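Spelled out, the chains give:
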Amino acid sequence: MKHTDTIVVKDLAIGYPGKNSVKVVAEGINDTLRSGYLTCLLGENGAGKSTLLRTLAGFQPAISGTVEVMGKPLQQYREKELATVIGVVLTERTNLQNMTVEELVGMGRSPYTGFWGRLNADDREKVTAAMELVGIAPLSGRMVQTLSDGERQKVMIAKALAQETPVIFLDEPTAFLDYPSKVEILHLLHRLATEMDKTIFLSTHDLELALQMADRLWLMAKGRGVVAGTPEDLAMDGTLESFFTRKGVAFERITGLYRVEPEYHAQVRLKGDATACAMVAKALRRNGILAGSDVESDCTIEALPEGGYKIGKGSESATLAVTMSELLELLQL
Amino acid sequence: MILTAASVVLLFFLNLLVGSVAIPAASTWKILTGATGVDPIWQNIILKSRLPQAFTALMAGAGLSVAGLQMQTVFRNPLAGPSVLGVSSGASLGVAFVVLLSGRLAGVALSSIGYMGEVAMTVAAIIGSLAVMLLIMYVSQKVRGNVTLLIIGVMIGYVATAIIGVLKFFSAEEDVRAYVVWGLGSFARVSGGQVTTFVIIMAALLPLSMVLIKTLNLLLLGDGYARNLGLNVKRARMAVIASAGVLVAIVTAYCGPITFLGLAVPHLCRGIFRTSDHRTLMPASMLAGAALALLCNLIARMPGFEGALPVNSVTALIGAPVVAVVLFKRRKEDSGE
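About the criteria used
- Residues numbered from 1 in each chain as written.
- Chains lettered and ligands numbered in written order.
- Predicted model: local features only at pLDDT ≥ 70, side-chain atom pairs only at ≥ 80, totals over all residues.
- Heavy atoms only, no water.
- Phe/Tyr/Trp six-rings, centres within 6.5 Å; stacked < 30°, edge-to-face > 60°.
- Lys NZ or Arg CZ within 6 Å of the ring centre and 35° of its normal.
- Pairing = 2+ DSSP bridges.
- Helix = DSSP H or I, 4+ residues; strand = E, 2+ residues; numbered from the N terminus.
- Contact = heavy atoms within 4.5 Å.
- Axes fitted to C-alpha atoms, helices over the stretch in contact; angles between N-to-C directions.
- 1 Å grid on protein atoms, 1.4 Å probe; cavity = no way out; pocket = protein on both sides within 12 Å on 5 of 7 lines; lining within 4 Å.
- Points joined across faces, edges and corners; volume = space filled by probe spheres on them.
- Nonpolar A, V, L, I, M, F, W, Y, C, P; charged D, E, K, R; others polar.
- Polar contact = N/O pair within 3.5 Å; in protein donor to acceptor, adjacent residues only side chain to side chain.

S.K.: Would you mind showing me how to read the packing of aromatic side chains here?
M.R.: The description of an aromatic ring pair rests on the distance of the ring centres and on the angle between the ring planes. Residue and element names in this part refer to chain A. Overall, the coordinates contain eight aromatic pairs over all chains when judged by the stated rule. Taken together, the ring pairs connect F169, F201 and W218 into an aromatic cluster. For the cation-ring pair, K72 lies above Y77, with the distance from its terminal atom to the ring centre recorded as 4.7 Å.

S.K.: Which parts of the structure should I look at to understand the sheet that holds strand β1 (residues 5-17) of chain A?
M.R.: The pairing of strands in a sheet happens through backbone hydrogen bonds and is either parallel or antiparallel. Residues and elements named next belong to chain A. As summarised here, the arrangement of the four strands in space is β2-β1-β4-β5, forming an open sheet in which the pairing is antiparallel. Looking at the sheet topology across the chains shown, the edges are occupied by β2 (22-34) and β5 (72-73). Most of the contacts of helix α1 (residues 49-56) go to β1, to which it runs at about 120°, and overall it touches β1, β2 and β4 (64-69).

S.K.: How do you make sense of the layout of surface pockets when you look at a structure like this?
M.R.: Once rolled over the atoms, a probe with the size of a water molecule shows which space is left empty. The space that makes up the largest pocket amounts to roughly 860 Å³. Every residue lining the largest pocket is counted, 32 residues in all, and those nearest its centre are A:R54, A:F59, B:R144, B:D223 and B:R227. For the lining of the largest pocket, the elements supplying multiple residues, two or more each, are β1, α1, β6 (86-89) and β7 (167-171) of chain A together with α5 (115-142), α10 (223-228) and α11 (233-255) of chain B. For the lining of the largest pocket, a count of residues per class yields 14 nonpolar, eight polar and ten charged.

S.K.: Where do I start with the side chain of A:S203 in this structure?
M.R.: Take A:S203: it is sitting in strand β8 (residues 199-204). There is a polar contact of 2.9 Å between the side chain of A:S203 and the backbone nitrogen of A:E172.

S.K.: Is there a simple way to explain empty space enclosed by the protein in this structure?
M.R.: Residues and elements named next belong to chain A. According to the stated counting rule, one finds one cavity of 30 Å³ or more in the structure shown. In this model, the largest cavity occupies a volume close to 210 Å³. Surrounding the largest cavity, 14 residues form its lining, L90, T91, R93, R152 and Q153 being those nearest its centre. Here the lining of the largest cavity takes four residues from helix α5 (residues 149-162), the largest share from any one element. In terms of residue class, the lining of the largest cavity is built from six nonpolar, three polar and five charged.

Here it is in structure tokens:
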């Protein structure tokens, strides 16, 4: 894979200048965003994700350090010029009325249109292409206010595509969406990064999805700056674990994913078919019971080959359960 | 759009035809085309009263509506109108100073000195409103966020009103009356040479406001998106406020504070044309604003009222139901979709 470094960040400090003192949100940020990659910015609320995005997009000045965009310092760009390099999808919900999807996507052409902002044939072609790429062509005549949140997000992405920028920043594009829509949007963005060699950088709270779909992660935490790498590297060297695990959340190194971790109050030993055992373990974990084939306990559950479960407890006689719900009811621990 | 333009033309001629003195259409036409042999009294009525009034209403309606549209877009607030930033309050303050203080200080009731008094009031109104506008523009540089600016504008309006109240309290009764009459708003007060000046200024300003069409369209998306699409939002906001402010200042100076039109017409146009594209809305607001102002002027002058109805009452009485009906109809269509 050939990727170019589109955005190079050196010793960046971000924050807000106050009257007397500067409020630094994060500092010592050093990394690179590459084309063809979907990079996800993860961090808790208040870690400074939006501030970082706003700084990289040129919406607010950096406190110190440099941001180079396509080999040129960010602050040397004129507004018009920057509009052709970085496109954004923001969290601010636009309260647009009486504007069609096509018109809104067409606004993405503004940096290229003339005095009146009229679209020519070429512009219109690009708008149509952007809508098709995102899969909203059938909505083109719809009024924006009648769209669902997911559709609206896609429209804004199409706008950014119509803007024809090599870099696209998205501030929490998956917030307020249902799960399938989140997955769909991330798939779409990943596809755009790979197929069109775009640099896509987005902030999100959807940890699990980001870990599965991002090519690279930027992790942000208060007082720790930014740590970047592929999800797998960050998983293996323990960075992910140290960033996000806390009471009730465990990081599974095997899968590289986070898991809800309850406090266990009992243990059960499992025997039998592996798939059935995994299901039993999952159901019991939810109920605060640690279960597994390697767990030492005088209570055992055996998944029977003909279906059903046999519950044995010490010297008591074994009881049988047919379904999982029966099992959970019978199991008194 | 063609329909709106046609109604402007139609209403313009109706404004010439209808009035307390019945003048046949044929004679009106003769007077307009400059033919001879018409009653000089009729000629006077048409050329010195009805024609200037129609022109004034046309320009004032168009100007206020454009200003209202610009304000609603830049503040993304449907309740914003041309007067929201206190610009028209500034005009009122200017006029109040001249009208109310001249009586006390110079001993001359301004209302009694005719043409010079009129000019003085116009100048005072322009100075007052432009001063407020400059203040607002200065503040807009300092504050972040539209809502803050909007609130500051409203506050300036309150302060101006309060000062006017104090001035009124210390003024002679006939001066207060003159001020109150000015405050009612009228398309008829502008006379003779002043009309020409007003029409020329407006004819220059209105096309100039069209320059901001692309800017306004971008501002619709919100500051963040507008900026990302290459717009200098701060400068754009200043330009729009300046454009709307000057329009309001001029109209208010010549016609007094005309309420309602500027707030209502943009909504009317969005309802009718079902778009938020300013390439349509700007000309549409101009035409619809002109048409509505002419209609109101016509009604205020219907035989029977004898020009006694203040324009502000008519604009609201006629305009409010019209706007309500359009918005209501649109709501029903939207939910039907």
